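Spelled out, the chains give:
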Amino acid sequence: MTATIREMLRANCECEDVAKCVLGLKALDMDAYKCLLSNGPMTAENLGEHLNRERSTAYRSLQNLISCGLVYRETKTIDIGGYFYEYVAIDPVRVKEMLKNSIEEWYTKVTGLVENIDKELLGE
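Notes on the structure follow. (Residues numbered from 1 in each chain as written. Predicted model: local features only at pLDDT ≥ 70, side-chain atom pairs only at ≥ 80, totals over all residues. Heavy atoms only, no water.)

**Re the packing of helix H3 (residues 27–39) against helix H4 (residues 44–51)**
Stage number 1. Contact geometry for H3 and H4: axes closest at 10 Å, N-to-C directions at 105°. One finds that H3 runs roughly perpendicular with respect to H4. Contacts from Leu28, Asp31, Ala32, Cys35, Leu36 and Asn39 in H3 reach Leu47, His50 and Leu51 in H4.
Stage number 2. For the contact of H3 with H4, a count of residues per class yields 6 nonpolar, 2 polar and 1 charged. (Axes fitted to C-alpha atoms, helices over the stretch in contact; angles between N-to-C directions. Helix = DSSP H or I, 4+ residues; strand = E, 2+ residues; numbered from the N terminus. Parallel < 35°, antiparallel > 145°, perpendicular 65-115°, else oblique. Contact = heavy atoms within 4.5 Å. Nonpolar A, V, L, I, M, F, W, Y, C, P; charged D, E, K, R; others polar.)

**What to know about the state of the cysteines**
Stage number 1. Taken as a whole, this structure holds 0 disulfides when the rule is applied.
Stage number 2. Not part of a disulfide, cysteine 13 finds its nearest cysteine sulfur in cysteine 21, a span of 8.5 Å.
Stage number 3. Since its relative accessible area comes to 27%, cysteine 13 is described here as partly exposed.
Stage number 4. Left unpaired, cysteine 15 is separated from the closest cysteine sulfur, that of cysteine 13, by 10 Å. (Disulfide = S-S within 2.5 Å. Buried < 20%, exposed > 50% of the residue type's maximum accessible area, 1.4 Å probe, protein only.)

**Some points on a nonpolar patch on the surface**
Stage number 1. Together, Ile5, Leu9, Trp106 and Tyr107 make up an exposed nonpolar region whose accessible area comes to about 510 Å².
Stage number 2. When contributions to the nonpolar patch are tallied by element, the ones reaching two or more residues are helix H1 (5–10) and helix H6 (92–115).
Stage number 3. Within the secondary structure layout, leucine 9 lies in helix H1.
Stage number 4. Classification of leucine 9 by relative accessible area gives exposed; the value is 71%. (Patch = residues over 30% accessible without salt bridge, like charges linked within 9 Å, V, L, I, M, F, W, Y side chains within 5 Å. Areas by Shrake-Rupley, 256 points an atom, 1.4 Å probe, with all protein chains shown as cover. Salt bridge = Lys/Arg side-chain N within 4 Å of Asp/Glu carboxyl O.)

**What about the pairing of strand E1 (residues 71–77)?**
Stage number 1. Note that E1 and strand E2 (residues 83–89) share 7 bridges and pair antiparallel. Within E2, the position partnered with arginine 73 by the bridge is tyrosine 87.
Stage number 2. From the end of E1 to the start of E2, which pair antiparallel, there are 5 residues, and glycine 81 there has a positive phi angle of about 115°. (Pairing = 2+ DSSP bridges.)

And the structure:
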């Protein structure tokens, strides 16, 4: 991933790069999201198997995805007692809207800061 906006503008970025940047995700997190999207809801253990990672690693990615809103958790009950969690990816159309809203919010904030940069630099 590129480090600055200038580098990002010059680089050959993919949609996934933008999503990772805006949402603060890692490549494995995006792989986990895409796996859930392709295969449907699954447990952390099943996701780990699909990603060829330990369950705990898959679980950390799931926590990252939940915290930014790309995945949610459903509780499933077991007939003989107990429960387990399945993780579900949200629709990519909603992801697009989330990204657009975050970028617009960032743009508004940064534009406001830039408007005052001359005063800040001069110490006014």
